[in-house]
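Residue strings, one per chain:
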Amino acid sequence: MTCRTQGKPELFLLLVVSTLVALAVSFSFGVAQRLDSSRAAYPDSRTVLSTGSTVLGEPIRYPSEAPAKITALEITLEPGQQTGWHTHPAPMFGYILDGELTVDYGNKGRKIYRKGDALVEAISDAHNGKNEGGRPVVILVDVIGSEGDQISVPASLPR
């Protein structure tokens, strides 16, 4: 096959533009197909949580002083056990797998989280979690921070 565009810049330009348009349409179609197929692969999925702020309304900000690091923990608090007053240096997602957790945010109130509840915990506001129920509370915690970050930092009771 021979392309005869020599000496015809308009024809060459038209050929280039139509090729780029065809590639863009093909790429867009491929992306749309991948999105549709991923939705089809997880038809029973549900959004557990989608937010840009913590439970106390703080905007979520990611630390950037070091390489990113995600830490996932499963924390169990026995009846009567508590976390102690603390803050978090990085955003922390929590999901209550079992039981019930009461979190005291000092003068900002108390909140109760039950099995199936999801939250982004307060970052710079001191808080204390306590299992006030009769059975263990199990929490899946994902900390979205930086290399070297602590999971929590001890804090004083807020005034």
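Above: the structure in question.
Not measured: the values here are computed from a predicted model.

Draft legend 1. Inspection of the overall build of the chain at higher detail. Regarding its fold elements, the chain presents one helix and nine strands. Mapped in sequence order, the helices and strands of the chain form the string α-β-β-β-β-β-β-β-β-β. Expressed as a percentage of its 159 residues, the buried residues of the chain come to 27%. Looking at the chain alone, contacts between residues at least 24 apart form 77% of all its contacts between residues at least 6 apart. As displayed, the chain has an accessible area near 10,700 Å², and 56% of this comes from carbon and sulfur atoms.

Draft legend 2. Here's a closer look at the side chain of H127. Take H127: it is sitting in the loop between β6 (118-120) and β7 (128-130). According to the relative accessible area criterion, H127 is buried, its value standing at 1%. Here the side chain of H127 touches H88 through a polar contact of 3.2 Å, side chain to side chain. Not counting the four nearest positions on each side in its chain, H127 is found in contact with G84, W85, H86, T87, H88, V103, D104, Y105, E121 and A122.

Draft legend 3. The arrangement of the sheet that holds β6 in detail. Across the sheet, four strands lie side by side as β1-β8-β3-β6; this open sheet has antiparallel pairing. Looking along the sheet, the strands with just one partner apiece sit at the ends: β1 (68-77) and β6. Strand-to-strand twist across the sheet, computed as the mean angle between neighbouring axes with direction ignored, equals 20°. Where strand β3 (residues 92-98) meets β6, three bridges bridge the pair, whose relative direction is antiparallel. Each bridged residue has a counterpart across the sheet, and for Y95 the counterpart in β6 is A118.

Draft legend 4. Spatial organisation of the pattern of salt bridges. Summed over all chains, the structure comprises four salt bridges. A salt bridge links D98 to R135; its shortest N-O distance comes to 3.0 Å. Placement of D98 in strand β3 and of R135 in the loop between β7 and β8 (137-146) is noted, with a sequence separation of 37 residues between them. For E132, the salt bridge identified is with R110, shortest N-O distance 3.1 Å. Placement of the pair is E132 in the loop between β7 and β8 and R110 in strand β5 (residues 110-114), with a sequence separation of 22 residues.

Analysis parameters
- Residues numbered from 1 in each chain as written.
- Predicted model: local features only at pLDDT ≥ 70, side-chain atom pairs only at ≥ 80, totals over all residues.
- Heavy atoms only, no water.
- Helix = DSSP H or I, 4+ residues; strand = E, 2+ residues; numbered from the N terminus.
- Buried < 20%, exposed > 50% of the residue type's maximum accessible area, 1.4 Å probe, protein only.
- Contact = heavy atoms within 4.5 Å.
- Areas by Shrake-Rupley, 256 points an atom, 1.4 Å probe, with all protein chains shown as cover.
- Polar contact = N/O pair within 3.5 Å; in protein donor to acceptor, adjacent residues only side chain to side chain.
- Pairing = 2+ DSSP bridges.
- Axes fitted to C-alpha atoms, helices over the stretch in contact; angles between N-to-C directions.
- Salt bridge = Lys/Arg side-chain N within 4 Å of Asp/Glu carboxyl O.

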